[in-house]
Structures are given as C-alpha cells and as structure tokens.
Amino acid sequence: MIDKPLAYRMRPRLLADVLGQKKIKAFLNNLLENKALVSMIFYGPPGTGKTTLAQAFANSFDAYSVRLNAVLDNKSQMQQAFDEAIRFNPSIVIIDEIHRLDKAKQDLLLPHLENGDFYLIGCTTANPLISLNPAIRSRTRLLESVPLSKEDVLEGLHRAVKSKEGLSDSRTFDEDALFYLASISSGDLRFAYNQLEAIALSFSKSHRITLDDVKEIAIAPNYLTDKDEDEHYDTVSGLQKSIRGSDVDAAIYYLAKLLKGGDLEGLIRRLLVTAYEDVGLGNPQAVDRCYTACLVAREVGLPEAMIPLAFAVCDLALSPKSRASCEAIHMASDLIDSSPSHVRSYLRLKTTGIPKEEQYDYGNPEIWSHLVYLPEGLEGTHFFHGWGNGKYERALMEQYQRLCSLAKVTSVSEARKIVEEERRKGKNEKTGVR
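About the thresholds
- Residues numbered from 1 in each chain as written.
- Predicted model: local features only at pLDDT ≥ 70, side-chain atom pairs only at ≥ 80, totals over all residues.
- Heavy atoms only, no water.
- Helix = DSSP H or I, 4+ residues; strand = E, 2+ residues; numbered from the N terminus.
- Polar contact = N/O pair within 3.5 Å; in protein donor to acceptor, adjacent residues only side chain to side chain.
- Core = buried A, V, L, I, M, F, W, Y, C linked by side-chain atoms within 4.5 Å.
- Buried < 20%, exposed > 50% of the residue type's maximum accessible area, 1.4 Å probe, protein only.
- Contact = heavy atoms within 4.5 Å.
- Phe/Tyr/Trp six-rings, centres within 6.5 Å; stacked < 30°, edge-to-face > 60°.
- Lys NZ or Arg CZ within 6 Å of the ring centre and 35° of its normal.

J.: Just to check I follow, could you spell out the side chain of S319 for this structure?
T.: For S319, the position within the fold is in the loop between α16 (306-317) and α17 (324-338). A distance of 3.1 Å separates the side chain of S319 from the side chain of N283, its partner in a polar contact.

Below you can see the structure in the form of structure tokens.
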C-alpha cells in the first residue's frame, strides 16, 4: 500500500503541535482555556496552515468537526454536513476556499450561523474584507495566517526527518541542506515537505544528502526571497511605491518577483488598491483599465496572467498621479473619529416634525447646490484638495471651485429665495430692466 504524501502525514493533530502563527494560536489558546467558541475566518497565503490550524483547534477543543470545500462540495452535500453538525454540541464546520461560496450556498449557511447551530471556521487565501459576503464576515472573527519563518520551516523539516509519520530517520541530511530547503520555501511548510520527500526518494538510505544534492534536485524556489519572512510584504510595498514614483522598470521587476510566488489574488488586490489610491482622479481611465486587466488575469490564470498585469503596471506607473480622493476620505474619517456630528434636519430620511417649507425639495434641482450639507459646526470644511495632474481632475477642480463660490444656506426656504432672486435677475438682464 502506497503511503499518503509526507505533507499529509505530518499534519499536526493538536493545536500545541502547530508551528508558527503565534498571534492566532494565542487567541485560540484563550478560547481553549475559557472553553468558549466563536466563528472565525483564517485568511492568508497558500501553505501557511490555515486548514491544519482549523482542524487542530477543533481536535484540541474536542469538538465534533466536519470539513467542506466551497468549490468541490455541492449544495446538497453542504446541507447534509450541516444537518450532521447540528446533531452534536459543540460542533465546528470547516469550509476551505470560503470566499468561493456562491449565493445559494451562502443562503444555506447564513441561517445556521444566525441560529448558532454550529460554529464556522472558514479558510481562504483571499482578503475577507474584499472577497467575503458581508453577512458572513460580520458574524465571524477575522484572523490572518502569515508565512512561517525560516526557523519554523526548519523545525518542521527536522520533525519530518525524525518522525515515524515522516521519514523515520531513514535518510540523513546535512544541516545546510535542510536550511536551504527552508530558505527557498517562503514560509510554505507544505512546499518544504513536498521537496523533502522528493529529495529523500531520489537517494538510497545509505547516502548522506548534501546541499549540492538538494540544489540539484529541488525545483525553483517557491518564492524569490533571500532575507526573511517579511520579504513578501516588502516586495508588495516596493511595487506600490515604484508605481507611485512612476518608475516603471522597478514596478515591473517587483511584479515579476511577486508573480514567482504565485499569489495571484493577493497581487490583484494590491494593484486595484494602488490604482484607486495613487492614480485615482489623475487618470480614471487607467484605473478602469487596471480593473479589466485584473479580470482577464483571473480568467486566464498563471502564468499567462503576467501579460495583462504587466500592461496594468506599466499603465499605472506612467500615468498622472492623484491621491486627492484617498486623502479626502482619510481626512473625513479622522474628523468623524474626533468629532461625530448629526445629519441636518432637511437631509434626514424621515421628515417628521419638519415644516413643509423646510423639507428637502426633490423637484427643484436649482436649490440643491445652495444648501449646506455638512453637519453643524463643520460648515466650510474642505476634504477634497485636487492635485490637477490630469485633464479630468483639472475639470473636476474647476467645477469644485465654482460650486464652492455659490451662496450657501442652512434653510430650504432660504435656498428657494436665492434661486428666485437669481431667476429674477436673469430675466431682468434679458429684458434690459434695471
């Protein structure tokens, strides 16, 4: 009988055996100590142990668990698993690729979450703030799974060499050979285990496996990194800053480096944010083109996805830049934190208690631009400060300045008087009356 893959055999059964993930494990250990459960979403790059962590926690809690895949399992299979979980208390439903749940499956899941029939642990490589249904997201605790450190991966390799479930000391490795495997794994323990197994099967039990042996057999690095576990995030930062600084050559270099890692979804998320944050109103058409390129990249997948993404990166890097909209929303958000205010009476949804002449006039668009819309005490506050780096934004700035120059009042009836006076003056000018 053929053994299951090494990565499968080495999966830890209990939370205490899980490598890395100190922040998540601290939270989960608190749950174990307090004998409490909450629904959670584990998100992070591939190979960081999200599903393993979920199953190990369920085992440590001694909770009944059932595992599903949002892509592979159909609606009836999910319903059967939910019915099964309901029969046990406590029970945990683990759903891999949870961001891929379609509407029908989401509709199936949500009532159970609302009723507390079972607890959910969803696992995804996508950012849940972007990819996950808000109704599911609001009912779960979001926990980020990060790439393991080289030291964690190295410890995992040592375990695999010695463990009865692993190689059971049937092969001997030089320390620098294992360290090299840990270095090229980019925090992905599954990748490291797969490489270790392939190398072990390439030599007899009597052969001592050296660094040169590993370099000869190991496939290309899982991710081009020669520093530490922060390299991925440093490279993402380098990509965005290069686009912002209009250095197209550096941006293309960092794009290529990130593509070697294979995290297509993460890269797409960062490009879309960069497009709106750093190019924005400076070239809205480039922002739209970036979105289209990202759709195409998802459609064709890697490695061909590099072509539309390279198009988008070049376009963004060489475009006029404007962070005006990004800066505006941050300024407004900070002000709300420091001094929250109420909506003016004539802007409220319900008009109870407001005289008819002071109610918002939907049928008189000429008065709209004469009303004050900011809350009391914030009149004249400006969040938008255009950069003027592109034709489109310069046109918006001209419109903004024109609107700011209009007479503003805090009364609908007063706004009507202004409009009536403007009409009277305009009529007199046409007829020559003074």
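J.: So what exactly am I meant to see when it comes to the nonpolar core here?
T.: Soluble globular proteins tend to pack their nonpolar side chains together in the buried interior. Counting 28 residues, the largest nonpolar core has L157, F173, Y193, L196 and I199 as the members making the most contacts within it. Per-element accounting of this core gives the leading share, seven residues, to helix α10 (residues 189-200). With residues near it in sequence (within four places) discarded, Y193 still touches L6, A7, M10, G156, L157 and A160. Listed in part, the 25 residues of the second largest apolar core include L255, A293, A297 and V313.

J.: What's the story with the packing of aromatic side chains in this structure? I'm lost.
T.: Each aromatic ring pair is characterised by the separation of its centres together with the angle its planes make. With the rule as written, the count across this model stands at seven aromatic pairs. Measuring from ring centre to ring centre gives 3.9 Å for Y64 and F88, while their planes differ by 10°; the resulting arrangement is stacked. Of this pair, Y64 sits in strand β2 (residues 64-69) while F88 sits in the loop between α4 (75-86) and β3 (91-96); the two residues are 24 residues apart in sequence, bridging distant segments of the chain. Judged by its relative accessible area of 25%, Y64 falls in the partly exposed class. Aromatic side chains Y360 and W368 sit 6.2 Å apart centroid to centroid with 15° between the ring planes, which places their arrangement in the stacked category. In this structure Y360 comes out as partly exposed when scored by relative accessible area, which is 24%. Of the aromatic side chains, those joined through ring pairs into one cluster are Y360, Y362 and W368. Geometry around Y8 places K4 over its ring, the cationic atom sitting 5.0 Å from the centre. Between R141 and the ring centre of F27, over which it is positioned, the NZ or CZ distance is 4.3 Å.

Geometry only, nothing functional implied.
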